[in-house]
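Listed below are the residues making up each chain.
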Amino acid sequence: EFNVKPVNATYNVDEAGNTYVVESLNGIELDIDSVKESYLNENWSSKTFYGNGGYPEITTESIENGLFETVLGEMTTSFSEKEESRTNNVKLAAQSINGCIILPGFRFSFNNTVGERTEERGYQDALIYVSDGVEPGLGGGICQVSSTLYIASLKAGLKQDLRYCHMYTVSYVDLGLDATVSWGNLDYVFTNSTS
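Residues numbered from 1 in each chain as written. Predicted model: local features only at pLDDT ≥ 70, side-chain atom pairs only at ≥ 80, totals over all residues. Heavy atoms only, no water.

Draft legend 1. View of the packing of aromatic side chains. Enumeration over the complete set of coordinates arrives at four aromatic pairs. Residues Tyr-129 and Tyr-168 carry aromatic rings whose centres are separated by 5.1 Å and whose planes lie at 50° to one another, so their mutual orientation is tilted. In this pair, Tyr-129 sits in strand 6 (residues 125–130) while Tyr-168 sits in the loop between strand 8 (159–162) and strand 9 (189–191), placing the two residues 39 residues apart along the sequence. Here Tyr-129 falls in the partly exposed class, since its relative accessible area comes to 33%. On the numbers, 5.6 Å between centres and 35° between planes, the contact of Tyr-188 with Phe-190 is tilted. Side by side, Tyr-188 and Phe-190 carry an identical accessibility label, which is buried. The rings of Phe-108, Tyr-150, Tyr-188 and Phe-190 are connected pair by pair, giving a single aromatic cluster. (Phe/Tyr/Trp six-rings, centres within 6.5 Å; stacked < 30°, edge-to-face > 60°. Helix = DSSP H or I, 4+ residues; strand = E, 2+ residues; numbered from the N terminus. Buried < 20%, exposed > 50% of the residue type's maximum accessible area, 1.4 Å probe, protein only.)

Draft legend 2. Local environment of the environment of Glu-81. Among the secondary structure elements, Glu-81 is positioned in the loop between helix 2 (60–66) and helix 3 (84–97). Since its relative accessible area comes to 53%, Glu-81 is described here as exposed. The contact partners of Glu-81, leaving out residues within four places of it in the chain, are Thr-87 and Lys-91. (Contact = heavy atoms within 4.5 Å.)

Draft legend 3. Local environment of the state of the cysteines. Counting across every chain of the model gives zero disulfides. Between Cys-143, a free cysteine, and Cys-165, which holds the nearest cysteine sulfur, the sulfur-to-sulfur gap is 11 Å. (Disulfide = S-S within 2.5 Å.)

Draft legend 4. Examining the pattern of salt bridges more closely. In total, this model carries three salt bridges according to the counting rule given. When the shortest N-O distance is used, the salt bridge between Lys-91 and Glu-81 registers 3.7 Å. Within this pair, whereas Lys-91 is found in helix 3, its partner Glu-81 is found in the loop between helix 2 and helix 3, the two being separated by 10 residues in sequence. Overall, Lys-91 belongs to the partly exposed group, its relative accessible area being 41%. Notably, a salt bridge pairs Arg-107 with Asp-161, separated by 3.6 Å at the nearest N-O pair. One end of the pair, Arg-107, is in strand 5 (residues 107–109); the other, Asp-161, is in strand 8, and 54 residues separate them in sequence. A single salt-bridge network, built from bridges that share partners, covers Arg-107, Lys-159 and Asp-161. (Salt bridge = Lys/Arg side-chain N within 4 Å of Asp/Glu carboxyl O.)

Written as structure tokens, this is what we have:
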């Protein structure tokens, strides 16, 4: 009950197929002889005992420091924070993919990772493209996140599995370099094809 073995940091895969780091835990081992000695030789009703620390061979820090030492591809796009609903949606989608680890051979699905864009999850109405132009729609703006990710993954040389472009041009990336997404309809998917 009091003796805890150290636990190495590991990787795990969630329901969406995304990889994350499971943190390491330090161990502790009570010095049983000092507990016995105190119990036999002292008068006390409560006492704090200290143990020897056991450290994992693979710590969370060692995994995190060893990861991502080389940037494979990157992309930056800009948007106006004056459009508050759109800004909210962009930030929510970006937070959903931030920190995702795609191991070699694993696929990344934007829709599976970001999830359904709903009011309950904080998404708001912002302008989206529809067949006859532009209108407010829940989650408007997140295609900027998928498009930015698309270009970064292209620059990284990763295998592109599924990508759709908008029916109209967008202002945040060059012509033909967008990746539109729509829950239950259009997804952006790539594979970590590196070793």
